[in-house]
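Listed here are the chains, written in short residue letters.
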Amino acid sequence: SGDFFFPPRNFFTKRTKELKPALHSAPGWKLFGKVPPRENFQKDSKIIQQEYEARTGRTCKPPPQATRRKNFEFEPLSTTALILEDRPSNLPAKSIEEALRHRQEYDEMVAEAKKREIKEAHKRKRIMKERFKQEENIASAMVIWINEILPNWEGMRTTRRVRELWWQGLPPSVRGKVWSLAIGNELNITHELYEIFLSRAKERWKSFSETNSENDVEDAGVSVADREASLELIKLDISRTFPSFYIFQKGGPYHDLLHSVLGAYTCYRPDVGYVQGMSFIAAVLILNLEEADAFIAFANLLNKPCQLAFFRVDHSMMLKYFAAFEVFFEENLPKLFLHFKSYSLTPDIYLIDWIFTLYSKSLPLDLACRVWDVFCRDGEEFLFRTGLGILRLYEDILLQMDFIHIAQFLTKLPEDITSEKLFSCIAAIQMQNSNKKWAQVS
């Protein structure tokens, strides 16, 4: 019937200016309104913060002490000796007092530079030590996962020891396998079935390019126009998926792979079709699994209640999820909750982007994978708990921002966000309200 819905193309924050203004009036997210103009979202979070501070005269962080000295410290060392030079002959010569003062200042600068150098060396040493420790932990965890947990998956997956190990992040070498097992295959998709839908997708691409699809008949209640829009959208979105990674760009080793998985899915689930955001999920799976296994995990993941509600744009279900999120938001972060309320800043403004891409677009990839690890362990509840963890991490900054800057900041999170800080904030979030847990509230 052609009535299934694609969110407007301005769902993605990084858009080219060539996109027609008409796209802004596309139906869909108007229900959730209030999203500021998307071109603003391209700004870095630090710029957003600085802009807000400049406009309001308020700072989001207390100013550092001894600012003058700090700035002075970062002058290039090559210029420091100039202070010892005599003045040109056409100028008055330095007095003895001035020359002594300059010598003292020079000595101070050299001492400061040495201190800074020692501090940097200590920092590098500490980072290397932490990295070695992390690598050792990953190596020992990998041995436990391969030799003990995976061979006894059903019996061990829910034990306290395994859950604690899981929380620390999965070793990359077993990540894909654990994700596959945790997501499951309720749909009973086989590698052969994937090949069938992939060949069907390839035939469709071929027929669209040859005949422009004018004479195609409708299939599975989905119009030709919708199918064509789906395939065009896939092509457009692949180039915008992890744009800094060459591997997914045209000519890159994973470009065609991503195209295949997404194309096969539109043939497998024509009732859902392709929706923006799916490319990020498929890309993360492709990085961790073989092609057919990535498709199986992708189709099963998108069949979970939360993902199905969002990707089919089930407005009533989405509103239920947002309402449940707000219950725990108010419980855990009452001050920030009231601040958001005062600006009528509703969860859809930032949660839609986070949930649609499972944080793979908003967080650094390694950190997003760690979020996926625990999401596979705990289910949809952890997606919303992660959202609250992010809000808790940046609460002090957000409390001093207005609507537009909050929306921009949460769409483009700081790149220096670390897993330790984020996961300690997530751990502090209690998903229990008046003795009711997430499942009872949602």
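Residues numbered from 1 in each chain as written. Predicted model: local features only at pLDDT ≥ 70, side-chain atom pairs only at ≥ 80, totals over all residues. Heavy atoms only, no water.

Colleague: Help me understand the overall build of the chain in this model?
Modeller: Counting its secondary structure elements, the chain contains 21 helices and two strands. Across the 442 residues in the chain, those meeting the buried criterion constitute 46%. Here the analysis covers contacts within the chain between residues at least 6 apart in sequence; of these, 73% occur between residues at least 24 apart. For the chain, the exposed surface amounts to about 23600 Å²; the carbon and sulfur share of it is 53%. (Helix = DSSP H or I, 4+ residues; strand = E, 2+ residues; numbered from the N terminus. Buried < 20%, exposed > 50% of the residue type's maximum accessible area, 1.4 Å probe, protein only. Contact = heavy atoms within 4.5 Å. Areas by Shrake-Rupley, 256 points an atom, 1.4 Å probe, with all protein chains shown as cover.)

Colleague: Just checking my understanding: could you explain the environment of Leu170 for this structure?
Modeller: Looking at where Leu170 falls in the secondary structure, it is placed in the loop between α5 (160-167) and α6 (172-183). Measuring from C-alpha to C-alpha, the distance between Leu170 and Trp372 comes to 9.7 Å, with 202 residues separating the pair along the chain. If we ignore the near neighbours within four places in the chain, the residues touching Leu170 are Trp145, Arg175, Val178, Trp179 and Asp373.

Colleague: Please clarify how unusual backbone geometry should be interpreted in this entry.
Modeller: Where the residue is not glycine, phi is negative for most of them; where a peptide bond is considered, it is trans in most cases. Residues other than glycine seldom take positive phi values, yet Val313 does so here, at roughly 50°. Its place among the elements puts Val313 in the loop between α12 (305-311) and α13 (315-332). Among the residues examined, Val313 registers a relative accessible area of 9% and is labelled buried.

Colleague: What is the right way to look at the UniProt feature "coiled-coil region" (unreviewed entry) in the chain in this model?
Modeller: In this numbering, the UniProt entry assigns the feature "coiled-coil region" (unreviewed entry) to residues 96-131. Within residues 96-131, the helical portion is 100% and the strand portion 0%, while the C-alpha atoms at the span's ends are 52 Å from each other. (UniProt positions renumbered as here; feature names shortened; annotations may be inferred.)

Colleague: What's the story with the nonpolar core in this structure? I'm lost.
Modeller: Among the nonpolar cores identified, the biggest contains 116 residues, and Trp145 and Leu391 are the most heavily contacted of them. Examining the composition of this core, we find that nine residues originate from one element, helix α16 (residues 365-378), more than from any other. Once residues lying within four places of it in the same chain are set aside, the contact partners of Trp145 are Leu150, Pro151, Trp153, Val162, Leu165, Trp166, Leu170, Pro171, Val174 and Val178. (Core = buried A, V, L, I, M, F, W, Y, C linked by side-chain atoms within 4.5 Å.)

Colleague: What exactly am I supposed to notice about the packing of aromatic side chains here?
Modeller: Here a ring pair, both rings aromatic, is described through the centre-centre distance and the interplanar angle of the planes. Scanning the model with the defined rule gives 29 aromatic pairs in all. Considering the side-chain rings of Phe310 and Phe322, the 5.9 Å spacing of their centres and the 85° angle between planes classify their relative orientation as edge-to-face. Of this pair, Phe310 sits in helix α12 while Phe322 sits in helix α13; the two residues are twelve residues apart in sequence, bridging distant segments of the chain. The exposure classification of Phe310 matches that of Phe322, with both residues buried. Its guanidinium or amino end placed over the ring of Phe423, Arg370 lies 3.9 Å from that ring's centre, counting from NZ or CZ. (Phe/Tyr/Trp six-rings, centres within 6.5 Å; stacked < 30°, edge-to-face > 60°. Lys NZ or Arg CZ within 6 Å of the ring centre and 35° of its normal.)

Colleague: What should I look at first to understand the packing of helix α15 (residues 348-356) against helix α19 (residues 403-411) in this one?
Modeller: Any two packed helices are characterised by how steeply their axes cross, that is the angle between the axes, and by the distance between the axes. The contact between α15 and α19 brings their axes to 9 Å, and the two run at 10°. Between α15 and α19, the angle falls in the class roughly parallel. Residues Ile349, Tyr350, Asp353 and Trp354 of α15 lie in contact with α19, whose contacting residues are Phe403, Ala407, Leu410 and Thr411. When its residues are assigned to classes, the contact of α15 with α19 shows six nonpolar, one polar and one charged. (Axes fitted to C-alpha atoms, helices over the stretch in contact; angles between N-to-C directions. Parallel < 35°, antiparallel > 145°, perpendicular 65-115°, else oblique. Nonpolar A, V, L, I, M, F, W, Y, C, P; charged D, E, K, R; others polar.)

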